[in-house]
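Coordinate inspection notes
These are the residues of each chain, in order.
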Amino acid sequence: MSTSNVLPVLRTTNRWAAYDAARRLLGTTVHRRSTEVHAYADELTAAEARRLFEAFPDHVYPGTRERSVGHDEVRRLLAADDPRVDALAPFSFQLDEQPVGSIEDRFLGLRGSSPASLSWKGFAWPAVPELGLELRAKDAGVQIALNSRNVDFDRPAGDHTLFIHFRAGDVERAEWLARQVGLAAIGPVESGW
């Protein structure tokens, strides 16, 4: 198992601008047939968890820090609009392996001020012959960290950061990719997935 590196390439208070830039980056990828999107949110209030559950009832995996209550019980309480769910907050939300374009607009439209992310995986970054770089699928990814300055949500913020995920040692590729869509590095390389 490996861990990607990430390069932050955009920071904005406009989540839709971050999404537009993410789509431009995804337009540079190759071997996209297996590309999928993942959504994650953390520190949700009961009201936020209810809205996400209503929007994605068949796919959401809500969680809570209360270890005695499992995913199925949280789903049952949310589906029944049971007031006991309020006492279980904060919640987390995970939606994995969805087709690109199937969840992004709804997820972004429902996001509040808690940390969250949209991540795209399952593609390859193109070869960059002028840099001596071959096509690379390992650790390729695009991620928007909503209300966070990093991919792990331990630097909460009032803005959103777009990251390029790449294989260790491929920072030149990440910088090249950013330039292809009118972006540039805005911070140092960090640890990714």
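Nothing here was measured: the structure is a model prediction, and the numbers come from that model.

Tracing the backbone through its elements, the reader meets Thr35 in the loop between α1 (15-26) and β2 (36-44). Owing to a relative accessible area of 15%, Thr35 belongs among the buried residues under this scheme. Sequence-distant contacts of Thr35, defined by excluding residues within four places in its chain, comprise Val100, Lys121, Gly122 and Phe123.

Right, let's get into α1. Turn by turn, an α-helix covers 3.6 residues, leaving residues three or four places apart pointing in a common direction. Here α1 contains twelve residues, and its C-alpha end-to-end distance of 16 Å stays within 8% of the 16 Å for a straight helix at 1.5 Å per residue. Within α1, the full set of buried residues consists of Arg15, Ala18, Tyr19, Ala21, Ala22, Leu25 and Leu26. Buried residues of α1, viewed axially, fall in a sector of 165 degrees; they line one side. Of the surrounding elements, those touching the buried residues of α1 are β1 (5-12), α4 (104-110), β5 (116-121), β6 (141-146), β7 (160-166) and α5 (171-180).

Right, let's talk about the pattern of salt bridges for a bit. This model, assessed by the stated rule, comprises eleven salt bridges. With its nearest N and O atoms 2.8 Å apart, the salt bridge here joins Arg24 to Asp20. Here Arg24 and its partner Asp20 are both found in helix α1, four residues apart, which amounts to about one turn of the helix. You can call Asp20 partly exposed: its relative accessible area is 34%. Note that Arg173 and Asp170 form a salt bridge whose closest N and O atoms lie 3.0 Å from each other. Each member of the pair, Arg173 as well as Asp170, carries the same accessibility label: buried. Salt bridges sharing common partners tie together Asp20, Arg23 and Arg24.

What follows concerns the nonpolar core. Within the largest apolar cluster, 51 residues are counted, with the highest numbers of intra-cluster contacts made by Phe93, Phe107, Trp120, Val142, Leu162 and Ile164. At six residues, the largest contribution of residues to this core is made by α1. Those residues in contact with Leu162 that sit more than four places away from it in its chain are Leu7, Pro8, Val9, Leu10, Ala18, Ala21, Ala22, Leu25, Val142, Gln143, Ile144 and Leu183.

What follows deals with the packing of helix α2 (residues 46-55) against helix α3 (residues 71-79). In a packed pair of helices, the relevant descriptors are the angle between the two axes and the axis-to-axis distance. Running from N to C, α2 and α3 point in directions that differ by 90 degrees, and their axes come no closer than 10 Å. One element, α2, and the other, α3, form an angle in the roughly perpendicular class. The segment α2 lies against α3, with Ala49, Arg50 and Phe53 engaging Arg75, Leu78 and Ala79.

The rules behind these values
- Here the residue index of a chain counts from 1 through its sequence in written order.
- Residues qualify for local features only when their pLDDT is at least 70, as the model is predicted, and side-chain atom pairs are given and counted only at 80 or more; totals for whole chains, interfaces and linings, by contrast, use all residues.
- No hydrogens and no water enter the side-chain calculation; it runs on all heavy atoms of the structure.
- Secondary structure is summarised from DSSP: a helix means a run of H or I of at least four residues, a strand means a run of E of at least two, and numbering begins at the N terminus for each.
- Accessibility here uses a 1.4 Å probe with only protein chains present; expressed as a share of the type maximum, an area under 20% marks a residue as buried, one over 50% as exposed, and anything in between as partly exposed.
- Throughout, a residue-residue contact means that at least one pair of heavy atoms, one from each residue, lies within 4.5 Å.
- Here the expected length of a helix is defined as 1.5 Å per residue gap, with one fewer gap than residues.
- Throughout, the arc means that of the directions going from the helix axis to the C-beta atoms.
- Any carboxyl oxygen of Asp or Glu that lies within 4 Å of a side-chain nitrogen of Lys or Arg is treated as forming a salt bridge with it.
- Definition of nonpolar core: a set of buried residues of the types Ala, Val, Leu, Ile, Met, Phe, Trp, Tyr and Cys, connected through side-chain atoms within 4.5 Å.
- Between N-to-C directions, angles span 0 to 180 degrees; the directions come from axes that are lines fitted to C-alpha atoms, helices contributing only their stretch in contact.
- Angles are sorted into four bins: roughly parallel if under 35 degrees, roughly antiparallel if over 145, roughly perpendicular if 65 to 115, and oblique for all others.

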